[in-house]
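# Report on the structure
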Amino acid sequence: MSNNENYKSMKKWNIYLHSICFLLVFTAFNTSGGISQRALTGYQDETAGTDHEFKGIDGFISTSIVYTFFALSNWIAPIIVEFTSTKFSMMIGASIYALYVATYIYPNALVMWISSALLGCGAGVLWTAQGTFITDNSDEKTMQKNTGIFWMFLQSGMIWGNLYIYRTLEGKTSIDSESRVPLYWTFTFLASVGTMLMILLKQYNHIDKQDYKRGYVLDEEQSSEVEQMKNLNCESSSDNEKISENDEDAMTKCKRVFLEAIDLFGTKPMLILCLHFIYTGVIQSFWTTVYPAMIGGTKDFGADSDRLTGINGITMGAGQVVGGLIFSIFPKFMGNRLSKENIVIMGGVIHLVCFAFIYGNFEPCSPLSDNYIKKSNVGLTRGQPGFAEQYPEYFSISNYQISLIIAFFLGFGDCCFNTQTYSYLGSMYKNNSAPAFAIFKSIQSIATAISLSYAGKWILPTQLVILCVFNIIAMVSFYKLNKDLQRQTNKNDHEDKQSSSYDESTTQSTSGLEKSRNVAAVQG
């Protein structure tokens, strides 16, 4: 097997194995996060009036702390990735996820505050390293496919984790310690296994990657001899730059990597992308935390509605997996027929339709906990006298089948946004991917943290208006960015063709002149 084939095989191994690792870690984290609010509410009710009464933090606030520190840590995450490696950076981040999940086994407010902050820092390192890792193991031809494969594995964890939730919470009216402890021990074990498997990932150095690229150019593109020499010269200069970077002292390297992120953040394309990033954070907080809590708290679905959050997660995960399949394994079905901006617009329109059905299917106070409703005297419920006459747009009773359809399309739409964001960043910032993914995750996390801070306090219509506004902004900004890029690409191609035509005509003129001179010399 040639070196070129070895590297292709290594890349495929890395893509699938790191996808499986994330599947295990985030089966644990996402599933546990979906029931975190209900689990802590159950523990709070269980310990009320005792000497060790639990209070001071809830699932929304805990997750908000995570994303606040996540946003901040993204600015130093590229430095950590630069100093260690993408492989070990991912292992560091994933291990903190396992520790965080374990804190729900026997909740303690102080420990959960600290672990939430630590998780935010670990998440910044994990996701910056992951974005760099998938970019290093992809090229222009495989970036879209590899992103779809990763996303499909990652989100399929919602199916397996929530199947376990559905079976475990059958017949339960709340999540008590008897249910919570085995659930979170299982999740901790899964996250730990996913972390340990990362040690099997294959890491290659910069010179190895340059050798692979050189082989790829020769084998696949069959460039002319002149073009091959240009490529070799460019790669040699890149190697020299890398050697120069290796000579930097630690402080200089930290400063360089940090300033690269700052400079990239100030560019016009990245600022436009930030508008798109904000929506991915706002919708993430809604579908991962708020929507499951709404289903768990809607007693129109039955006394054991907590159990139904598992079915919701399965359905939402199915939507994510279907999207991942369409954009990766079966790209000819849709992925190659639609441009990135059209896929994002499709996802945005699907989400807007979902928001309309959510508005009619759930009570205005459905995101709020029972304790908060009593404390704040919010009375927007179907049981309130005159509610049907005052709010005729609401369904007479919440329909669980409709909520499942909504869940599927929330997942599918989210897949549209995230796969195209990853694909765009991996393609456009191939040579500087760590700062690009750090900025993406930082802005996304800020939006998520802010959204979670009001998730349990603001009524549903207010939250849906916010989602709709940022949805439209995200679609417009991503469309504009891609169209501007397309126009610039077409302009450059046109200029290249003109330049090529000019060179060709000049060559022909010179050749004709030489022939004329030769004829004249013969005649003379």
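Everything quoted here is computed from the prediction, not taken from an experiment.

### What about the overall build of the protein chain?
- Counting secondary structure elements, the protein chain contains 19 helices and zero strands.
- Evaluated residue by residue, the protein chain yields a buried proportion of 51% over its 524 residues.
- Within the protein chain, contacts between residues separated by at least 24 positions form 83% of all contacts whose residues are at least 6 apart in sequence.
- Here the protein chain displays about 23,900 Å² of accessible surface, and carbon together with sulfur accounts for 61% of that area.

### Focus: the nonpolar core
- The biggest cluster of nonpolar side chains holds 117 residues, and the ones touching the most others in it are Trp127, Phe286, Tyr291, Ile358, Leu410 and Leu425.
- Not counting chain neighbours up to four residues away, the residues in contact with Phe286 comprise Tyr291, Pro292, Met294, Ile358, Leu410, Leu460, Leu464 and Leu467.

### As for the confidence of the model for the protein chain
- Averaged over all residues, the pLDDT of the protein chain is 77; the fraction at 70 or higher stands at 73%.
- The low-confidence segment residues 209–244, where pLDDT is below 50, has 33 contacts with residues more than four positions distant or belonging to other chains.
- Low pLDDT, under 50, characterises residues 385–389; the stretch is placed with five contacts to residues that sit more than four places away or in other chains.

### Some thoughts on the environment of Phe409
- In this fold, Phe409 is placed in helix H17 (residues 400–428).
- The contacts of Phe409, once residues within four sequence positions are left out, are Ile350, His351 and Cys354.

### A short note on the environment of Tyr184
- With respect to the helices, strands and loops of the structure, Tyr184 is situated in helix H8 (residues 177–197).
- Tyr184 sits in the buried class, given a relative accessible area of 0%.
- Through-space distance from the C-alpha of Tyr184 to that of Tyr104 is 6.4 Å; in sequence the pair is 80 residues apart.
- Among all residues touching Tyr184, those that are not within four sequence positions of it are Ser32, Ile35, Ser36, Ala39, Val101, Tyr104 and Ile105.
- Of the polar contacts made by the side chain of Tyr184, one reaches the backbone oxygen of Ser32; its length is 3.0 Å.

### Considering the side chain of Ser423
- With respect to the helices and strands, the residue Ser423 is situated in helix H17.
- The residues contacting Ser423, other than those within four sequence positions of it, are Met143, Gln144, Thr147 and Lys340.

### Points about the packing of aromatic side chains
- In the structure shown here, the tally under the stated rule is 27 aromatic pairs.
- Centroid distance Phe150 to Tyr422: 6.4 Å. Interplanar angle 40 degrees. Geometry classified as tilted. Remark: Tyr422 occurs in helix H17 and Phe150 occurs in helix H7 (residues 143–168); sequence separation between them is 272 residues. For the pair formed by Phe150 and Tyr422, the shared burial category is buried.
- Geometrically, the ring pair formed by Tyr291 and Phe362 is edge-to-face, given 5.6 Å between the ring centres and 70 degrees between the ring planes. With Tyr291 in helix H12 (residues 268–297) and Phe362 in the loop between helix H14 (340–361) and helix H15 (370–376), this pair connects stretches of sequence that are 71 residues apart. With respect to class, Tyr291 is no different from Phe362; both count as buried.

### Digging into the packing of H17 against helix H18 (residues 433–455)
- For the pair H17 and H18, interaxial distance at closest approach is 10 Å and the crossing angle is 150 degrees. Accordingly, the angle class assigned to the pair H17 and H18 is roughly antiparallel. Like other packed secondary-structure pairs, H17 and H18 cross with a definite hand, here right-handed. Contact residues: Asn418, Thr421, Tyr422, Leu425 and Gly426 in H17; Ala436, Phe437, Phe440, Lys441 and Gln444 in H18.
- Grouping the constituent residues of the contact of H17 with H18 by class yields five nonpolar, four polar and one charged.

### A few points about H8
- Counted at 1.5 Å a residue, the expected span for H8 with its 21 residues is 30 Å, and the 30 Å between its end C-alpha atoms agrees.
- Where H8 is concerned, the buried positions are Ser177, Ser179, Arg180, Val181, Leu183, Tyr184, Phe187, Thr188, Ala191, Gly194 and Thr195.

### Here we look at helix H2 (residues 36–47)
- Its twelve residues place the ends of H2 16 Å apart at the C-alpha level, agreeing with the 16 Å of an ideal helix rising 1.5 Å per residue.
- Looking only at H2, the buried set comprises Ser36, Gln37, Ala39, Leu40, Gly42, Tyr43 and Thr47.

### A look at the packing of H7 against H8
- Between H7 and H8, the shortest axis-to-axis distance is 11 Å and the interhelical angle comes to 165 degrees. Comparing their axes, H8 and H7 come out roughly antiparallel. Judged by the sense of rotation from one axis to the other, the crossing of H7 with H8 is right-handed. Residues Tyr164, Ile165 and Thr168 of H7 lie in contact with H8, whose contacting residues are Pro182, Leu183, Thr186 and Phe187.
- For the contact of H7 with H8, the class distribution of residues is five nonpolar, two polar and no charged.

### Brief notes about the state of the cysteines
- Evaluation of the coordinates by the stated rule reveals zero disulfides.
- Cys416 takes part in no disulfide bond, and the closest cysteine sulfur, belonging to Cys415, lies 6.1 Å away.
- Residue Cys416 is classed as buried on the basis of its relative accessible area of 0%.

### Examining a nonpolar patch on the surface
- Together, Leu110, Trp113, Ile114 and Leu118 give the surface a local cluster of nonpolar side chains, amounting to about 410 Å² of exposed area.
- Here Leu118 shows up in helix H6 (residues 109–136).
- Overall, Leu118 belongs to the partly exposed group, its relative accessible area being 48%.

### Regarding the environment of Lys457
- Secondary-structure assignment places Lys457 in the loop between H18 and helix H19 (460–523).
- When the C-alpha atoms of Lys457 and Cys365 are compared, they prove to be 9.0 Å apart, with 92 residues separating the residues in sequence.

Quick notes on the rules
Residues numbered from 1 in each chain as written. Predicted model: local features only at pLDDT ≥ 70, side-chain atom pairs only at ≥ 80, totals over all residues. Heavy atoms only, no water. Helix = DSSP H or I, 4+ residues; strand = E, 2+ residues; numbered from the N terminus. Buried < 20%, exposed > 50% of the residue type's maximum accessible area, 1.4 Å probe, protein only. Contact = heavy atoms within 4.5 Å. Areas by Shrake-Rupley, 256 points an atom, 1.4 Å probe, with all protein chains shown as cover. Core = buried A, V, L, I, M, F, W, Y, C linked by side-chain atoms within 4.5 Å. pLDDT = per-residue confidence, 0-100. Polar contact = N/O pair within 3.5 Å; in protein donor to acceptor, adjacent residues only side chain to side chain. Phe/Tyr/Trp six-rings, centres within 6.5 Å; stacked < 30°, edge-to-face > 60°. Axes fitted to C-alpha atoms, helices over the stretch in contact; angles between N-to-C directions. Parallel < 35°, antiparallel > 145°, perpendicular 65-115°, else oblique. Left-handed = near helix turned anticlockwise from the far one by under 90°. Nonpolar A, V, L, I, M, F, W, Y, C, P; charged D, E, K, R; others polar. Expected span 1.5 Å × (residues − 1). Disulfide = S-S within 2.5 Å. Patch = residues over 30% accessible without salt bridge, like charges linked within 9 Å, V, L, I, M, F, W, Y side chains within 5 Å. Salt bridge = Lys/Arg side-chain N within 4 Å of Asp/Glu carboxyl O.

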